[in-house]
Amino acid sequence: MTKVLHAFTTEVPEWRPRVKPVALADATPAQLEALQVTPSNTKVSDYVLVLAHDVETLKVRSPLFNAIMYGRGGLSRAERELGAVGASLVNRCIYCAAVHASRYNQLAKDGAVMEAVFAGDEDARLDERQSAILRFATRLSRAPSEAGLEDVRRLKDAGLSDAEVLDLILSASLFGWANRLMHTLGDPLAGDRTDAGSGQ
Amino acid sequence: MTKDVVVEQAGVKPGEAVHEALLARADILAMTQATHDAALLPEDPGGISHAQRAALACRISRRHGDAGLTSHYDVLMRKASATAEVMRVADPAYTGEGRIGALIAYTDLASMVPRDVGADDIEALKAAGIVDADIVRLAELNAFLAYQIRLIAGLKLLRA
């Protein structure tokens, strides 16, 4: 099955690149280092092998991604995932939305929020804090000028500290980046579920 | 805090609440600056020169109405000794032709409406003679700019 997906899902799809991934056998020492390939770990996703074409950026972006999504303190991991999903919805990155909606579900142990978000029914189902987070991420993603002081005030009224709002700005902005790679350089495919990448 | 394009553009000053929050994320700021350098000033720029990268970044910043960042990339473009032809890329009204026209067409779509980028748009880059590695470099440049512009805009809101 190689049908290109156009609808949002929490089932992580396959990802088929639109450009040729770097072949591991041809990779330069710098590419192998950025890919963190070791003799005991030679399984690398097509997505990361595509990004290896720009090894200087890949090398610094992977640790940045991890720091923004998993760094200690600040906004909860689930709420950072909500920011990532908000961006992915705006940019229609089916692959990123699936990976990060499923991560949200694992972290929050609740599938109802993502069901409501994908159904466009978030106003009815999200609590005020979740709703304020999703709205801010959505507006910042559409166009930075769409996010306003009122949106930040709503976040603070919902109990977010400056440090938490900063983490939300970071996760939503980071997915402005990730979506422009994942969504433009490849297609999400329905079919057998495989480890096609980490949605970065 | 060392020199940092995002902090400088957002105008964050020591003593502000936002500055305190950023200190706790100093690792992220340092890595953000490293990605700026990797996307704009790579040691191996491949088929997209430093001048072309800065010109495209200038165009994107201008289309987003970010005057400060436009000025930052204008300086980078001039430091890279951009020719008059490359400098035209920074003008959103210029659409170009051939290879440069293809770089601009992808950039305009990916920076403003990435949801509309499809397989045809990547095929158009290939048809213009842009090799796969340069397509990835172009996508990373656009992707980094999207992140940077939003981070700066968000910090300005948080400071206000």
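From a predicted model like this one, the values you see are computed outputs, not experimental measurements.

### What to know about the overall build of chain B
- Regarding its fold elements, chain B presents nine helices and zero strands.
- Helices (α) and strands (β) of chain B occur, in sequence order from the N terminus, as α-α-α-α-α-α-α-α-α.
- Taking 2.2 N^0.38 as the reference for a compact globule, 160 residues should give roughly 15 Å; the C-alpha atoms of chain B span a radius of gyration of 16 Å, in line with that estimate.
- For the C-alpha atoms alone, the extent of chain B along its principal axes is close to 50 × 35 × 30 Å.
- Counting over 160 residues, chain B shows a buried share of 56%.

### Concerning the interface of chain B and chain A
- In this complex, chain B contributes 48 residues to the contact, which on the side of chain A involves 50 residues.
- Surface buried jointly by chain B and chain A totals about 4,100 Å² across both partners, of which 68% is contributed by carbon and sulfur atoms.
- Counting the surface chain B buries against chain A, the share from its top three residues, Arg 25, Glu 140 and Arg 150 of chain B, is 18%.
- Remark: the boundary between chain B and chain A carries one salt bridge.
- As a salt-bridge pair, Asp 167 of chain A and Arg 25 of chain B come within 2.9 Å of each other at their nearest N and O atoms.
- The tally of links between chain B and chain A comes to 18 residue pairs in polar contact (both at pLDDT 80 or more).
- Elements that contribute at least two residues to the side of chain B that touches chain A include exactly helix H2 (17-23), helix H3 (26-40), helix H7 (98-112), helix H8 (119-127) and helix H9 (132-159) of chain B.

### Thoughts on the confidence of the model for chain B
- In the predicted model, chain B carries a mean pLDDT of 96, and the fraction of residues at 70 or more is 99%.
- Interface confidence in the predicted complex, given as ipTM, is 0.97; pTM for the same model is 0.95.

### Topic: the packing of H3 of chain B against H9 of chain B
Residues and elements named next belong to chain B.
- Between H3 and H9, the least distance of the axes is 10 Å, while the angle of their chain directions is 140 degrees. Here H3 and H9 pass one another in a crossing that is left-handed. The segment H3 lies against H9, with Ile 28, Thr 32, Thr 35, His 36, Ala 39 and Leu 40 engaging Leu 141, Phe 144, Leu 145, Tyr 147, Gln 148 and Leu 151.
- Tallied by class, the residues present in the contact of H3 with H9 amount to eight nonpolar, four polar and no charged.

Cut-offs applied
- Residues numbered from 1 in each chain as written.
- Chains lettered and ligands numbered in written order.
- Predicted model: local features only at pLDDT ≥ 70, side-chain atom pairs only at ≥ 80, totals over all residues.
- Heavy atoms only, no water.
- Helix = DSSP H or I, 4+ residues; strand = E, 2+ residues; numbered from the N terminus.
- Rg over C-alpha atoms; globule rule 2.2 N^0.38 Å.
- Buried < 20%, exposed > 50% of the residue type's maximum accessible area, 1.4 Å probe, protein only.
- Contact = heavy atoms within 4.5 Å.
- Buried area = accessible area lost by both parts, 1.4 Å probe.
- Salt bridge = Lys/Arg side-chain N within 4 Å of Asp/Glu carboxyl O.
- Polar contact = N/O pair within 3.5 Å; in protein donor to acceptor, adjacent residues only side chain to side chain.
- pLDDT = per-residue confidence, 0-100.
- Axes fitted to C-alpha atoms, helices over the stretch in contact; angles between N-to-C directions.
- Left-handed = near helix turned anticlockwise from the far one by under 90°.
- Nonpolar A, V, L, I, M, F, W, Y, C, P; charged D, E, K, R; others polar.

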